[in-house]
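An overview of the molecular structure
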Amino acid sequence: MWASFFLCAAVIVFALYLPGYLLLRGVGLPRTLSLGAAPLVSVTDFCLIAIVLGFASVPCGWPNVFLPVLAAGVLVFGISWQRRPRPAAPDRKQLALAAFYLAVGGLVCLYVFVKPLDSPESFYCRFDDQTHYNLARHFIDTGDWSALRHSDGAASHIASSSYYPSAWHLMAALAFSLTGIDLPIIFNALNAVLAGLVYPLSSLALMTALFPRRRSVVAAGAVATMAFACFPWVLLLKGQLLANLISFSLVPAALALVMRPFDEGGLKHWRGIVAASILTVTFFGLAHPNGLFTALVFLAPFLIHKAAEAARRSPRLAPGNPFRRPPLVWLTGAVLCYAIWQLMLYAPPLQQVVLYDNTGNLNLSWPESFYAAAAFSLYPEQPPQWILAAVCVVGVVALVRRRRAWLALPGTYMLLVYAACRCVDAGYTLRTFLAGFWYSDPYRILCCAEIFLVPVAATGLAAIAGFAARKARRLTPKLALALVLAAFSIANFLPFYVVPPEHDLPRDVEGPHFVQTPGTAFGYFHLLFEEGYDMSEEQIYSADEEAFVRRAMEMIPPDALVINDPHDGSAFAYGLNGLNTYYRHIDLGTETEASPLIREHLAELAADPEVARAVQNAGAAYVLQLDHGTPFEDGVWLIQTNEDNRKDFAGIEAVDDGTPGFEVVMKEGDMRLYRIVPPNQ
């Protein structure tokens, strides 16, 4: 199965990079930028084609989604190749840097995420996965991959379709179309590629754009990119926030793409600015809009910095003009940003996100919040990263000395926002104002902070290496940098964590935040993934339950509709296994008229003609129970499940081996599969 995992990962890399790289190289962008931003173009084009095919009612598959984008890339690249002089051979140093970023990213990903998997089919069931797994499966079953026609296809819901950022789900469906490999393997392979390859190359593009003449800082960026323990791993533990994973992983590349025209002459290259902006906005709209607001936090100080520099050097401004002074430009820019921010906060399309009632994780005081932010102890029970924090302080000093202090502002700002999110309640308060565009969620915010702190940490590592080279005469700058990166990596990535006595790893993120125990942050996250993906442990959808579902699917017709209680783990049976379940989410949503009758009174089928008619009209043929007779206090549930919402499905849970109208097909422990026997049979 591991061969299938790595084959799937290779196919995903091929689909993400080849079309986009050819298109960007064809329009004349540098190799490093083309490589880092290639998935932006590929994914955007795939999604747009899927939207068009959805409106035309044409089923999607790799021939009509992947091949047109690849053909366009080959055509554009071919025309460019013919019209332009033969380009110079690739810079070996650039190739070495790309290889270095990939090596660090791949090794960290293998240790933190891949190695803890019991098998490539291991899965981790959290609340958001109901949406992610089911939507990817629904894409495959229907052939409709459009982001504008979101639906999980559940028969319990009134048929409707709506917008949903589904770039991650489309890539999963495309990988299935290209390989036919089981979806759980595809999910893991896609997440590994995004975390261990896409994000490092995206970061390389930004680092190259920020430091075009400081190769030592760019080289240090390979280590700095993966040095922060929370991103991208938190997104695979909390939620899971898979749409944010693909969106945030490409924020650095999107920034590099937008910034490049400014660095080459500003408004003289307005066409490039417009094209890059349109691509970026479209991509984040299709992947996750959080990424767009994240990019804006970085672009705001960048644009103000550019404006201040342009005003200071402008021959059109009189020597005494106050706008020649950077502080006034910065003040004006800050006021303008505040006004735009306020307008977006009150924009009707964003109200559902901004006003999301996120009251969780408010379990720290102000001093504790700022301590957590300063120590980079950002996830509950995570050991602090003091060495990395010290490196970032050195980086800030170095940036100030080089008059590039603006680079430290985005990361510092997001750390302050994170601190506020841990101790200030939601609503139209400070928390909403600062973090509303990220659902007022501190764990999305900490990801933004760590992305923005990469250039700061890289600058700090390069500055330490430079200092060492100056003090030790026998050290060349390259050797000093290599030694500093090696020493830092050994301390920062050390795979070590001592589990505290009576330790209970947090299934949610509202447990104790600070736990004193020896270990590193990376050792801790490795342990979290080991526990989370341990198929021998009982979880909401356990390995035994999944095996029962697989056997059940062999005994029933392929498209048979199965009534279920989604709280017992069967909410994941459709997305992971393809079982045609009646309920696919623990939230009821907009129900059909038959749904309340079925979930509240199914056991009365033989005695109540109205219930029998509802079941018949729904087309249901079987009933699945994965926690038959299990009291709430003895079961394993999602943290959003409580005794009250379990009562919503009392009619389904009341069915037992002796209930009239139901025939036992399979039983094992507390798991049951019944065939529905209509009263007239």
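Whatever comes next refers back to the structure up there.
Only a predicted model underlies this, so the values are computations on that prediction, with no experimental measurement involved. (Residues numbered from 1 in each chain as written. Predicted model: local features only at pLDDT ≥ 70, side-chain atom pairs only at ≥ 80, totals over all residues. Heavy atoms only, no water.)

Moving on, we come to the overall build of the protein chain. What the protein chain contains, in helices and strands, is 27 helices and 4 strands. Relative to the compact-globule value of 26 Å for 681 residues, the protein chain shows a C-alpha radius of gyration of 27 Å, a close match. Seen along its three principal axes, the alpha-carbon backbone of the protein chain occupies a region of about 95 × 60 × 50 Å. Considering the protein chain as a whole, with its 681 residues, one finds that 55% of them fall into the buried category. Within the protein chain, contacts between residues separated by at least 24 positions form 76% of all contacts whose residues are at least 6 apart in sequence. Accessible surface computed for the protein chain: about 28200 Å², of which carbon and sulfur atoms make up 62%. Taking the average location of the 47 positive side-chain charges in the protein chain and that of its 54 negative ones, the two points are 28 Å from each other. (Helix = DSSP H or I, 4+ residues; strand = E, 2+ residues; numbered from the N terminus. Rg over C-alpha atoms; globule rule 2.2 N^0.38 Å. Buried < 20%, exposed > 50% of the residue type's maximum accessible area, 1.4 Å probe, protein only. Contact = heavy atoms within 4.5 Å. Areas by Shrake-Rupley, 256 points an atom, 1.4 Å probe, with all protein chains shown as cover. Lys, Arg positive; Asp, Glu negative; His and termini not counted. Charge placed at Lys NZ, Arg CZ, Asp CG, Glu CD.)

Evaluated as defined, the whole model comprises 14 salt bridges. Between Glu668 and Arg551 there is a salt bridge; the shortest N-O distance is 2.4 Å. Linking Glu668 in strand S3 (residues 662-668) with Arg551 in helix H22 (residues 543-555), this pair joins segments that are 117 residues apart in sequence. For Glu668, a relative accessible area of 36% puts it in the partly exposed group. Taking relative accessible area as the criterion, Arg551 reaches 33% and is therefore assigned partly exposed. Between Arg646 and Asp565 there is a salt bridge whose closest N-O contact spans 2.6 Å. Of the two residues, Arg646 is situated in helix H26 (residues 643-647) and Asp565 in the loop between strand S1 (561-564) and helix H23 (573-577); the sequence distance between them amounts to 81 residues. The burial state of Arg646 is the same as that of Asp565; both residues are buried. What you see here is one network of salt bridges that share partners, running through Glu121, Glu546 and Arg550. (Salt bridge = Lys/Arg side-chain N within 4 Å of Asp/Glu carboxyl O.)

Let us now look at helix H5 (residues 129-142). Helical geometry note: an α-helix holds 3.6 residues per turn, so side chains three or four residues apart project in the same direction. The end-to-end C-alpha distance of H5, which contains 14 residues, comes to 19 Å, matching closely the 20 Å that a straight helix rising 1.5 Å per residue would cover. The buried count for H5 comes to 10 of 14 residues, which makes it a mostly enclosed element. Buried within H5 are the following residues: Asp129, Gln130, His132, Tyr133, Asn134, Leu135, Ala136, Arg137, His138 and Phe139. (Expected span 1.5 Å × (residues − 1).)

Following Phe231, the chain continues to Pro232 via a peptide bond in cis, the omega torsion being 5°. Looking at the secondary structure, you find Pro232 in the loop between helix H8 (215-227) and helix H9 (242-249). Residue Gly239 is joined to Gln240 through a cis peptide bond whose omega torsion reads -10°. Of note, Gln240 is situated in the loop between H8 and H9. With a phi angle near 55°, Ser57 is a residue other than glycine that sits in the positive phi range. The backbone of Ser440 shows a phi angle near 50°, a positive value even though the residue is not glycine. Considering the arrangement of structural elements, one finds Ser440 in the loop between helix H18 (430-435) and helix H19 (442-471). Exposure remark for Ser440: the relative accessible area of 0% places this residue in the buried category.

A word on a positive patch on the surface. Together, Arg401, Arg402, Arg470 and Lys471 give the surface a local cluster of positive charge. Summarising the element assignment, Arg402 is placed in the loop between helix H16 (386-401) and helix H17 (409-421). (Patch = residues over 30% accessible without salt bridge, like charges linked within 9 Å, V, L, I, M, F, W, Y side chains within 5 Å.)

Let us now look at the pairing of strand S4 (residues 671-676). Within S4, 5 of the 6 residues are buried, which leaves the element mostly enclosed by the surrounding structure. Here 4 bridges tie strand S2 (residues 620-625) to S4, and the two strands are oriented antiparallel to one another. In the sheet register, Leu624 faces S4, and the bridge partner there is Leu673. Sheet topology places S3 next to S4; 6 bridges connect them, and they run antiparallel. Directly across from Val664, in S4, lies its bridge partner Tyr674. From the end of S3 to the start of S4, which pair antiparallel, there are 2 residues, and Gly669 there has a positive phi angle of about 60°. (Pairing = 2+ DSSP bridges.)

What follows covers the state of the cysteines. Taken as a whole and assessed by the stated rule, the structure comprises 0 disulfides. No disulfide involves Cys230; its sulfur sits 7.2 Å from the nearest other cysteine sulfur, which is in Cys447. The cysteine Cys423 is free of any disulfide, with Cys421 supplying the nearest cysteine sulfur at 8.8 Å. Cys423 sits in the buried class, given a relative accessible area of 19%. (Disulfide = S-S within 2.5 Å.)

This next bit is on the sheet that holds S1. Spatially, 4 strands are ordered S1-S2-S4-S3 in an open sheet, and the strand pairing comes out mixed. Each of the sheet's edge strands pairs with one partner strand only, and the pair in question is S1 and S3. In this sheet, adjacent strand axes meet at a mean angle of 25° when their direction is disregarded. (Axes fitted to C-alpha atoms, helices over the stretch in contact; angles between N-to-C directions.)

What follows concerns the packing of aromatic side chains. Tallied over the full model, the rule gives 39 aromatic pairs. Ring geometry for Tyr583 and Phe649: centres 5.1 Å apart, planes at 90°, overall edge-to-face. You can see Tyr583 sitting in the loop between H23 and helix H24 (594-601) and its partner Phe649 sitting in the loop between H26 and helix H27 (650-653), a full 66 residues away along the chain. By way of ring pairs, the aromatic residues Phe113, Tyr124, Trp233, Phe529 and Tyr533 are connected into one cluster. (Phe/Tyr/Trp six-rings, centres within 6.5 Å; stacked < 30°, edge-to-face > 60°.)

Time to look at helix H6 (residues 167-179). With 13 residues, H6 extends 18 Å between its outermost C-alpha atoms, agreeing within 8% with the 18 Å of an ideal straight helix rising 1.5 Å per residue. For H6, the full list of buried residues reads Ala167, Trp168, His169, Leu170, Met171, Ala172, Ala173, Leu174 and Ala175. Two residues or fewer past H6, Gly180 is found with a positive phi of approximately 75°.

On to a nonpolar patch on the surface, then. A surface patch of nonpolar side chains, amounting to about 400 Å² of accessible area, comprises Trp2, Phe6, Leu107 and Leu110. Position of Leu110 relative to the elements: it lies in helix H4 (residues 92-114).

Further remarks concern the packing of helix H12 (residues 290-313) against H17. Helix packing geometry: the angle between the two helix axes and the distance between the axes. For the pair H12 and H17, the least separation of the axes is 9 Å and the interaxial angle reads 135°. With respect to H17, the element H12 is oriented oblique. For H12 against H17, the interelement crossing comes out right-handed. On H17, the residues that touch Val297, Phe298 and Pro301 of H12 are Leu409, Pro410, Tyr413 and Met414. (Parallel < 35°, antiparallel > 145°, perpendicular 65-115°, else oblique. Left-handed = near helix turned anticlockwise from the far one by under 90°.)

Looking at the secondary structure, you find Ser166 in the loop between H5 and H6. Take Ser166: its relative accessible area is 2%, and that puts it in the buried class. Discounting residues that sit within four places of it in the chain, Ser166 has contacts with Leu135, Phe139, Ser146, Ala147 and Leu286.

Everything listed here is a matter of coordinates, which is why it stays silent on function.
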